[in-house]
Every structure is written in C-alpha cells, then in structure tokens.
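Chain and residue survey
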Amino acid sequence: MYFKKIFLAIAIIGLAVAAYFAYFIYGAMLKPNTAFNNEEAYIFVPTDAKYAEVREQLEPLLKDIDGFDALAERKQYTTNVKAGRFIIKNGMSNNDIINSIRIKNGIPIKIAFNNQERIEDLAGRIAFQIEADSLSLLKSMTNSIFLNKNGFTKQTALAMYIPNSYELYWNTSADGFRDKMLKEYNNFWTPERLTKAKKINLSKDEVISLAAIVHKETAKVDERPRVAGVYLNRIRKGMPLQADPTVIYAVKKESNNFKRTIKRVLYKDLEIDSKYNTYKYRGVPPGPIFMPDVSAIDAVLNFEKHSYIYFVANVKNFGYHKFAKTLSQHNANKREYVAWINKQGVNR
C-alpha cells in the first residue's frame, strides 16, 4: 500500500512536470507570438550588433518578449547574433522567429540605381539601401589601388556601375558592393559588345562616356541610335562633338554646384577651359558626365548608319530632333528652335 502511494505520487509529479514541459514547449516555442497585422515585418541587424539591439527591434513586433528572451537564451542566440535583413511572418512562433533570424546574412534584398551624375551621388543613393554609409562607399569606389588595378581613373570610375537592379545582402560591406559591381560590369561587357566597341574604335569607358551624352541629348529610346550615329560621324570626320550636355557639366563642375539647373547653354559657356567642354576639346570627354541607361550604351554600339552631322530639338514634335546633313539645313532648323525658345522666355 505504501509503495502504491509513492508510485502514485511520482506519477502525479511526472505528469505535472510533463504538463509544464508541454506548456513551455507550446508557449515558449510553438505558440504564435507576433503582434502585427501585416503579413510580414522586417528587422535589420547591423554588423557586430548585440542581442539588446535585436530585442529592441523585435519588442514592438511580439506579444511576449520575455518568452522570446527565454527561448533565445536557451537556443544560444543571445550570444550568436547574425547581421542582415530578416523577415518575420505573421503567426510565427518564437522558435520560427529565432530560426529565421539566425541565418547568415539573412535574406537578400534588391537594390537599384540609375542616372547618377557623380560617383558621390551614387554613393549616397546606395547608402539608403544597404548598411554601408555613403562615406565608406565613396572611399571604396574611389580607391586608387582598386581603380588602377582594374583600368579605371577617378574620371571614369562612374562608368563601372551599370544602371540596373541587383540582388545582394543588406549587410554587404562597401568593398563588397564595389566588387560585386565590378563583376556585373565585366558580365555586361560580353564578347559581342566588346567586338562592337572595337569596330567603332572606342574603349569601354569611351562608349559609356559617349552614351552618357546620347542619353542626355534625347529621352526617346528609339531616337538614341540616330543621335549616336551623328556623334560617331563627327568623330570620324575629326570634328568636335559640340555636345551641349558636356558644356552644362563643365559649368557645374567649374562652379562646384551640381544642384543647379541649366536649361540653356550661353555663348560664354562655350569658352570654359575644361576637357568636358566638347566645343573646345575634340574627342570623347575624359569620363561620363552622367550614368547612362543600358539602352543608351547599346545605342552607341548599335548606332544608326546615316550621313547626318547636325541635329536640333524639334519644336513641332517635342522630345525628338530634326537632323541635317549640311550646315545650311541645320541653321534653318536652328533658327526655328531659337525663335521658339526665345518665345518661351528661357534665358538660362
């Protein structure tokens, strides 16, 4: 009888322990513990972050942060925090959350950039999308050892970044971003593109520098091969490019004010002594004045063959241009444009 009571007591205690353990398993590990209404939420864990920083981001997202703390410590996450961007889905349990945020680097993100005027602008644009700050990005992208090793200069550094969207991890370092872009740049320059560049006797950097001018001259993608053909005709004839966008860039660069808006090039601007002033200096500028779209780069490589030497904005078909083979034809087109722009009151 005595042993039966002891056995019964042990059984009851065992059941109680089992019940408590089951409750802990369900409550601390398996019970849904999210407190937001959206389908998912994200946290961004910086490099070398401590658990307290992760907890601060999680607390408003969870119903029971204390229960999460207990399991995080039990699973040794508190001393093994991973950096990156992580997703928390609605209805996740503590166990699910811990498993999702302990993955190395988290989940990839897509970054995008286009049409930046300077490498400084690009660094700022990227800094909004990944962990690295703009100063570290700029320092990495203008590193002279890296540039020399890969055939770039500070003037051509922008040419390495092909506008597109790319997948990488949020906690990618400044050097990591730069190195990935170099890989993408090399992938962009396929044997076919390289062959086309060689046929027009331009280097990769010169193609992109010319494409930047073409892009600035016309927003119409279907017109870009024709505009590119004009500039290539001028190069073949030994003529200066005489591209207004390069003069505008030279004016901004000389004044160190890239935020100013210039709608009209003045005759005095054509006298600026800058290698970017293609009225004064022949050939392609020493670097891109802008980050051209892929369509503009391919427009140069696949230029339209024609005999046009001149072009001016078409005031009867806005966005497009009138092209001319002779100076007399061009002057007639230009008079029409000048009369229109004067009527608009555009002085600068």
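So, a few notes on the structure that sits alongside this text. Model, not experiment: these values are computed from the prediction.

1. Describing the packing of aromatic side chains
Under the criterion given, the structure shown has 13 aromatic pairs. Their ring planes at 80 degrees and their centres at 6.1 Å tell us that Y51 and Y77 sit as a pair that is edge-to-face. With Y51 in helix α2 (residues 51–58) and Y77 in the loop between α3 (65–74) and β2 (84–89), this residue pair connects regions lying 26 residues apart in the sequence. When its relative accessible area of 12% is taken as the criterion, Y51 is described as buried. Aromatic ring contacts, followed pair by pair, group Y231, Y308, F311 and F323 into a single cluster. Cation over ring: R178 sits above F146, and NZ or CZ is 4.0 Å from the ring centre. It is K325 that lies over the ring of Y308; its NZ or CZ is 5.8 Å from the centre.

2. Quick notes on the packing of helix α11 (residues 224–236) against helix α13 (residues 294–301)
It is at 8 Å that the axes of α11 and α13 come closest, and there the two elements cross at 50 degrees. In terms of orientation, α11 lies oblique with respect to α13. The way α11 lies across α13 gives a crossing that is right-handed. For the pair formed by α11 and α13, the contact residues are R224, P225, A228 and L232 on the first element and S295, A296, A299 and V300 on the second. For the contact of α11 with α13, a count of residues per class yields six nonpolar, one polar and one charged.

3. A look at the pattern of salt bridges
Counting across every chain of the model gives 14 salt bridges. D66 is the partner of R55 in a salt bridge, and the nearest nitrogen-oxygen pair spans 3.6 Å. Here D66 lies in helix α3 and R55 lies in helix α2, a separation of 11 residues in the sequence. Judged by relative accessible area, R55 falls into the partly exposed class, the value being 23%. With its nearest N and O atoms 3.9 Å apart, the salt bridge here joins E271 to K280. The class for E271 is exposed, based on a relative accessible area of 57%. A single network of salt bridges, built from pairs that share partners, joins R55, E59, D66 and D69.

4. Details of helix α6 (residues 134–141)
Because an α-helix completes one turn every 3.6 residues, residues spaced three or four positions apart along the sequence face the same direction. Those residues of α6 not exposed but buried are L137, S140 and M141. Buried residues of α6, seen end-on, are gathered within an arc of 90 degrees and therefore sit on one face of the element. For α6, exposure combined with an orientation more than 90 degrees from the buried face picks out L135 and K139. Contacts from the buried residues of α6 go to α5 (119–127), α7 (144–149) and α8 (174–188).

5. Some thoughts on the side chain of E217
Inspection of the secondary structure assignment puts E217 in helix α10 (residues 204–217). Despite its burial, E217 pairs with no opposite charge, the nearest such side chain being R234 at 6.5 Å.

6. A short note on α11
With 13 residues, α11 should reach 18 Å at 1.5 Å per residue; the first-to-last C-alpha distance of 18 Å fits that figure. Buried residues of α11: R224, V227, A228, G229, V230, Y231, L232, N233 and R234, and no others. Along its buried surface, α11 packs onto α10, α13, β6 (310–313) and β7 (321–324). Count one or two residues on from α11 and you reach G238, which has phi positive near 80 degrees.

7. Focus on the sheet that holds strand β3 (residues 105–106)
The strand order across the open sheet built from three strands is β1-β2-β3, with neighbouring strands paired in mixed fashion. Edge positions in the sheet fall to β1 (40–45) and β3, since each of these pairs with one other strand and no more. One ladder, built from two bridges, connects β2 with β3; its direction is parallel. The residue bridging G84 from the neighbouring strand is N105, located in β3. Here α2 sits on the sheet and contacts β1 and β2; the angle it forms with β1, its principal contact strand, is near 155 degrees.

Conventions and cut-offs
- Residues numbered from 1 in each chain as written.
- Predicted model: local features only at pLDDT ≥ 70, side-chain atom pairs only at ≥ 80, totals over all residues.
- Heavy atoms only, no water.
- Phe/Tyr/Trp six-rings, centres within 6.5 Å; stacked < 30°, edge-to-face > 60°.
- Helix = DSSP H or I, 4+ residues; strand = E, 2+ residues; numbered from the N terminus.
- Buried < 20%, exposed > 50% of the residue type's maximum accessible area, 1.4 Å probe, protein only.
- Lys NZ or Arg CZ within 6 Å of the ring centre and 35° of its normal.
- Axes fitted to C-alpha atoms, helices over the stretch in contact; angles between N-to-C directions.
- Parallel < 35°, antiparallel > 145°, perpendicular 65-115°, else oblique.
- Left-handed = near helix turned anticlockwise from the far one by under 90°.
- Contact = heavy atoms within 4.5 Å.
- Nonpolar A, V, L, I, M, F, W, Y, C, P; charged D, E, K, R; others polar.
- Salt bridge = Lys/Arg side-chain N within 4 Å of Asp/Glu carboxyl O.
- Arc of directions from axis to C-beta.
- Lys, Arg positive; Asp, Glu negative; His and termini not counted.
- Expected span 1.5 Å × (residues − 1).
- Pairing = 2+ DSSP bridges.

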